[in-house]
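# Remarks on the overall topology
Here is how the chains run, residue by residue.
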Amino acid sequence: MPTIVGNALARMGDKLRETERIDLLQNLVWAKDKKAYDDVVRLAHAICGTPIALITMVGAREQWIQSKFGISINSTPREVSFCQHTLCMTRDEYLLVEDTLLSSKFCLNPLVTGSPFIRFYLGFPIISPEGVNVGALCVIDTVPRTMTDDQRDALRVLRDHVSTYLSTPIPAREKVWLWLRGLWELLKRKVLAVADRKG
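Residues numbered from 1 in each chain as written. Predicted model: local features only at pLDDT ≥ 70, side-chain atom pairs only at ≥ 80, totals over all residues. Heavy atoms only, no water.

## Observations regarding the overall build of the chain
Short version of the rule: The secondary structure listing takes helices from DSSP runs of H or I that are at least 4 residues long and strands from runs of E that are at least 2 residues long, numbered from the N terminus. For the exposure calls, accessible area comes from a 1.4 Å probe over protein chains only, and a residue counts as buried if that area is under 20% of its type's maximum, exposed if over 50%, partly exposed in between. Throughout, a contact is declared for two residues whenever any of their heavy atoms are within 4.5 Å.
A tally of regular secondary structure across the chain gives five helices and seven strands. Secondary structure elements in the chain, listed N-terminal to C-terminal, are β-α-α-β-β-β-β-α-β-β-α-α. Taking all 199 residues of the chain together, the buried fraction comes to 48%. Across the chain, contacts joining residues at least 24 apart in sequence account for 63% of those joining residues at least 6 apart.

## Details of the packing of aromatic side chains
Here is the rule we go by: The rule is short: rings of Phe, Tyr and Trp, with Trp giving its six-membered ring, pair when the centres are within 6.5 Å, and they are stacked under 30 degrees, edge-to-face over 60, tilted in between.
Evaluation of the coordinates by the stated rule reveals three aromatic pairs. Plain terms: the ring middles of Tyr94 and Phe124 are 5.1 Å apart, the flat faces sit at 45 degrees to each other, and that makes the pair tilted. Note that Tyr94 is positioned in the loop between strand S4 (75–77) and strand S5 (95–97) and Phe124 in strand S6 (residues 120–127), a separation of 30 residues in sequence. Accessibility expressed as a relative area gives 9% for Tyr94, which makes it buried. Since its relative accessible area comes to 0%, Phe124 is described here as buried. Three or more aromatic residues joined by ring pairs make a cluster, and in this case those are Phe82, Phe106 and Tyr121.

## Focus: the environment of Ala60
Take Ala60: it is sitting in the loop between strand S2 (52–58) and strand S3 (62–69). Using a relative accessible area of 45% as the deciding quantity, one classes Ala60 as partly exposed. A C-alpha to C-alpha distance of 7.3 Å links Ala60 and Arg78, two positions 18 residues apart in sequence. The contact partners of Ala60, leaving out residues within four places of it in the chain, are Ile22 and Arg78.

Structural data, given as structure tokens:
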């Protein structure tokens with residue numbers, strides 16, 4: 001069974017704000033700032049140890065992948081998207097599927113039975129400045145696994161920075177990106193140091 005932390009299941013059928021949400025997606029500035037989002041997914045991959053990390057935006061019929069690590073596709077139909085299930089969640093909630101083949105909800109999903117063969121998914125909703133869920137920051141693996149509390153908390157923090165970035169005026173976004181870049185370089189040095197000690 002997928003784990004939806006919080007009361008999101010009770011809101012799964014609520015489409016009251018969907019029209020507003022779709023309209024909002026048209027006005028968000030994403031593509032010009034890909035360098036910051038690319039750093040976020042690289043950090044998510046490094047922290048969680050998964051081969052795939054994504055930032056997605058979920059539209060009316062399609063899910064667009066705004067930034068990616070470990071995968072080549074740029075979009076999927078919304079109807080098969082895992083991230084669509086985060087749209088009704090609050091900031092503190094997340095979707096965790098430790099083994100998709102054990103989930104009646106996801107075991108027959110084309111993204112599970114075919115490429116990229118998703119077996120594990122953890123996703124946090126990305127929330128716009130207006131308080132509307134627009135997509136998700138997620139990590140994916142091709143084998144079943146679990147996450148530690150520290151890894152989940154770190155992914156939540158990264159998600160918060162994406163949400164903050166969306167609400168930051170464009171001229172000030174460079175400062176946020178520089179902070180993320182510094183964090184990535186620090187983590188990379190630590191990972192390399194650990195690898196050298198093991199070697």
